[in-house]
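What follows is the residue order along each chain.
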Amino acid sequence: MSMVDSFEKIPVKIFSTLGEGSRFIGKEIATLIKEKSAKGEKAVLGLATGSSPKSLYAELVRLHREEGLSFKNVVTFNLDEYYPLDNDALQSYNRFMKEQLFNKVDIDPKNCHIPNGEWKKEDIKKHCLEYEKMIEDAGGIDLQILGIGNNGHIGFNEPGSSLFSKTRLIPLDNSTRIANSGDFQNISKVPRLAITMGISTILKAKRIVLMAWGQLKAPVIQKAVEGNVTEQIPASLLQQHNDCMFVTDEMAASDLTRFKSPWLTGETEWTPAIIRKAVVNMALKLGKPILSLTNSDYNDNGLSDLLVEKGDAYEINLQVFYVLRDSISGWPGGKPADTNPARPERSTPFPKRSLIFSPHPDDDIISMGGTFMRLHDQGHDVHVAYQTSGNIAVTDEFVTRFLDFAVGFEVLAGIDSQKSSQILQEATQFLKKKKASEIDTAEIRQIKGLIRRCEAKATCRYVGLEDNNIHFMNLPFYETGTIEKKPMGEADVLQTMELLRELKPQQIFAAGDLADPHGTHKVCLDIIFESMRRLKAAGDSWLKDCWLWLYKGAWQEWDISEIEMAIPMSPDQVMKKRFGIFIHQSQKDMVPFQGSDSREFWQRAEDRNANTAGLYAQLGLTKYAGIEAFVRWHY
Ligand code: F6R
């Protein structure tokens, strides 16, 4: 698209997946290295860490191994490092770079530069000056690779960093410490400081490529690319560089005006979905119910084109209002003997076999607890499949409580089972001596998994499910014992296909989380998609009668204009759901993976359901206490 009629002030290259985007950047780097090498020069790369560049580094390693790309003439300068932190700590960027790239290619370690978390505090200023000098002496950075923080930081240049800043020690923003706490045991273990190249150091690079993947990055990408240049969004300062490009996947680009409000960027094809999106957004922006929107509202908000094409506001309003109205249903499994074709679910067969896939043991109740209970209460044969053990999210303190109980019980009961007491002793000893970030033993992982399994079972019983309807999958991709999970594997898919074939559900509910491309939810969803794709290819006829509904995880909700099935909840149902979430005691209060939101899971779920209900009401529909939202996936 031409930059002249675009809202975008930095070119954005969008790929459908992060794999494709990473391959593109890999190719750019390889070309630079080869061109420089042909001239007998060194290629100077500025490198980033974090989750975003992992697939890029995997691609560079592949290029080295399979296509002979040599890094002998490459010099690198990394952006940043936590301070203070040992270089071999699991979270150290020095360690990260070795593990992800340096140890896997033929680069000379002497050519790899990275700020050091072990520098003495009094020497840091001197080291930072030297770092700048080394970059200069190397001839400056030819290509700077960047990620972007949700608050707009580049490197660890937090909001407020000056345009003229150089390599220095900087306090980490609280939002960054929370966002990165997943890599540490909890927020209190995240260092408060970091050493980072400055904004001016970055802007001096000859060329800059910033990458961003996943929906969580969408708001900040929009601000950096389309917003004003401001030190409050450090990445927006890149608008001032003359050779900078953003490379994103579709999710990270989804808030750009050309996708969010395409009617503002030129000719639009007015499909029902686009009309709905445009009208709903306008109504929310103006704080008006849909049926109160006037012709002049349309004209004043960039929608005159829609009026030209579709006629009067009155007709368009009604069309959108009916779609919203028809998405609301108290019958998530379909209403028996109902003939209204506009309802979101089919009335037959009734009852249905409904399968809820829950990535972690509490996603079912958190994200669709009201719907879960309704399905059961309305007589459907509801099954839940817990895809992963969720063991990584149980704190050591929590396990210790259970171990204390088990040991106490053994003493009390005088059971002389050598094996079990040995396991208990060993587990207790291990936890006592466990070092920060040490990986749990297989036994501890099993105990943690068992704790979550018991909680999930108790929740299912609370809803009224029989034990036979509860399936613990323990998918292998998750069982690494570390935060970093394996990618989807063959065993994960085969196990899922087997369960689907056994149950032959008429309805499936799955977590449709596309926010974090590296997250467990996304892998769980990919496994379901891949399993269904293969079953379809194999001609499994039951699939023709099976609908797939997607809910969102604990963090987000569907955009109001996308929702296809909205299940309302009464105040009593909201309370019942809350108590269901409470059963997951190990996830209450301080959990290891809190994310950037300090509310507990039940609060987030309630706020989110109330918010959806509020938006429906604001648009002129009935006000419910809460609404759970779903989008149908056509596979
Ligand atoms: C890391 C760095 C940071 C990250 C940013 C995004 O070297 O410079 O700016 O790029 O925090 O992190 P991820 O990629 O983990 O979302």
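Residues numbered from 1 in each chain as written. Predicted model: local features only at pLDDT ≥ 70, side-chain atom pairs only at ≥ 80, totals over all residues. Heavy atoms only, no water.

**Q** Quick question: what am I supposed to make of a nonpolar patch on the surface here?
**A** Together, Phe405, Phe409 and Leu412 line one region of the surface with nonpolar side chains, adding up to about 390 Å² of accessible area. With respect to the secondary-structure elements, Leu412 resides in helix H14 (residues 396-413). Of the residues examined, Leu412 reaches a relative accessible area of 73% and is grouped as exposed. (Patch = residues over 30% accessible without salt bridge, like charges linked within 9 Å, V, L, I, M, F, W, Y side chains within 5 Å. Areas by Shrake-Rupley, 256 points an atom, 1.4 Å probe, with all protein chains shown as cover. Salt bridge = Lys/Arg side-chain N within 4 Å of Asp/Glu carboxyl O. Helix = DSSP H or I, 4+ residues; strand = E, 2+ residues; numbered from the N terminus. Buried < 20%, exposed > 50% of the residue type's maximum accessible area, 1.4 Å probe, protein only.)

**Q** How do you make sense of the domain arrangement of the protein chain when you look at a structure like this?
**A** Accessible area lost during the coming together of the parts is what is often quoted as the interface size. Here the protein chain is described as being made up of domain 1 (10-258), domain 2 (262-327) and domain 3 (353-393 + 442-633). Here the C-alpha centre of domain 3 lies 33 Å away from the C-alpha centre of domain 2. Summing both partners gives a buried area of about 1100 Å² for domain 2 against domain 3, and 62% of it is carried by carbon and sulfur. Counting every contact that joins domain 2 to domain 3 gives 0 salt bridges. (Domains from an automatic or database assignment. Buried area = accessible area lost by both parts, 1.4 Å probe.)

**Q** It is not clear to me how the packing of aromatic side chains should be interpreted in this structure. Could you clarify?
**A** Each pair of aromatic rings is reported with the distance of its centres and the angle of its planes. All chains considered together, the criterion is met by 18 aromatic pairs. The rings of Tyr57, Tyr82, Tyr93, Phe96, Phe156 and Phe184 are connected pair by pair, giving a single aromatic cluster. A cation sits over an aromatic face here: Lys485 above Tyr478, 4.7 Å from the ring centre. If you follow Arg632 out to its NZ or CZ, it ends over the ring of Trp547, 3.5 Å from the centre. (Phe/Tyr/Trp six-rings, centres within 6.5 Å; stacked < 30°, edge-to-face > 60°. Lys NZ or Arg CZ within 6 Å of the ring centre and 35° of its normal.)

**Q** In this structure, what is going on with the sheet that holds strand S8 (residues 193-196)? I would like to understand it.
**A** Sheets are built from strands that pair by backbone hydrogen bonding, the pairs being arranged parallel or antiparallel. With respect to topology, 3 strands assemble into an open sheet ordered S4-S8-S7, the strand pairing being antiparallel. Two strands bound the open sheet, and with one partner strand each, they are strand S4 (80-83) and strand S7 (168-171). Shown here is a sheet whose adjacent strand axes are inclined to one another by a mean of 30°, direction ignored. (Pairing = 2+ DSSP bridges. Axes fitted to C-alpha atoms, helices over the stretch in contact; angles between N-to-C directions.)

**Q** Where do I start with the site of the ligand in this structure?
**A** Taken together, 13 residues sit near the ligand, with Thr49, Ser52, Asp80, His153 and Lys217 positioned nearest. One nitrogen or oxygen atom from the main chain of Gly155 is found 2.7 Å from an oxygen atom belonging to the ligand. Here an oxygen atom of the ligand and a side-chain polar atom of Lys217 are 2.5 Å apart. Taking 410 Å² as the accessible area of the ligand by itself, protein coverage stands at 89%. Residue classes in the shell around the ligand are distributed as 3 nonpolar, 8 polar and 2 charged. (Near = heavy atom within 4 Å. Polar contact = N/O pair within 3.5 Å; in protein donor to acceptor, adjacent residues only side chain to side chain. Nonpolar A, V, L, I, M, F, W, Y, C, P; charged D, E, K, R; others polar.)

**Q** Is there a simple way to think about the pairing of S4 in this case?
**A** Looking along a regular strand, one sees the side chains alternate between the two faces of the sheet. Burial along S4 is two-sided: Asp80 and Tyr82 facing one way and Glu81 and Tyr83 facing the other are all buried. Of the strand pairs in this sheet, S4 and S8 are connected by 4 bridges, and their pairing is antiparallel. Bridge pairing in S8 links Glu81 to Ile195.

**Q** What am I meant to see in empty space enclosed by the protein here?
**A** In this approach a probe as big as a water molecule rolls over the atoms, and the regions it shows empty are the leftover space. The full count for this structure, using the stated rule, is 1 cavity of 30 Å³ or more. What the largest cavity holds in volume is close to 50 Å³. Together, Asp362, Ile366, Ile581, Phe582, His584, Gln587, Lys588, Glu600, Phe601 and Trp602 line the largest cavity. Of all elements in the fold, only helix H19 (571-582) and helix H20 (601-618) reach the threshold of two or more residues within the lining of the largest cavity. Residues of the lining of the largest cavity, tallied by class, amount to 5 nonpolar, 2 polar and 3 charged. (1 Å grid on protein atoms, 1.4 Å probe; cavity = no way out; pocket = protein on both sides within 12 Å on 5 of 7 lines; lining within 4 Å. Points joined across faces, edges and corners; volume = space filled by probe spheres on them.)

**Q** It is not clear to me how the side chain of His471 should be interpreted in this structure. Could you clarify?
**A** By the element assignment, His471 lies in strand S13 (residues 470-472). Here the side chain of His471 touches His383 through a polar contact of 2.8 Å, side chain to side chain. Leaving out residues up to four positions away in the same chain, His471 has contacts with His383, Val384, Ala385, Tyr386, Leu499, Glu502 and Leu503. (Contact = heavy atoms within 4.5 Å.)

**Q** What is the right way to read the nonpolar core from this model?
**A** Nonpolar side chains in soluble globular proteins generally cluster together in the buried interior. Of all hydrophobic cores here, the largest spans 59 residues; its most connected members are Val279, Ile290, Tyr298, Phe357 and Tyr616. Looking at which domains feed residues into this core, each of domain 2 (262-327) and domain 3 (353-393 + 442-633) gives three or more. Once residues lying within four places of it in the same chain are set aside, the contact partners of Tyr298 are Val279, Met282, Leu293, Leu303, Ser304, Leu306, Leu307, Ala313, Ile316 and Asn317. Within the second largest apolar cluster, 43 residues are counted, among which are Ile29, Ala89, Phe102 and Phe184. (Core = buried A, V, L, I, M, F, W, Y, C linked by side-chain atoms within 4.5 Å.)

**Q** Looking at this structure, I do not really get the environment of Glu309. What am I missing?
**A** Position of Glu309 relative to the elements: it lies in helix H11 (residues 304-310). Look at Glu309 and you get partly exposed, because its relative accessible area is 48%. Each C-alpha atom of the pair Glu309 and Tyr93 lies 55 Å from the other, and the pair is 216 residues apart in sequence.

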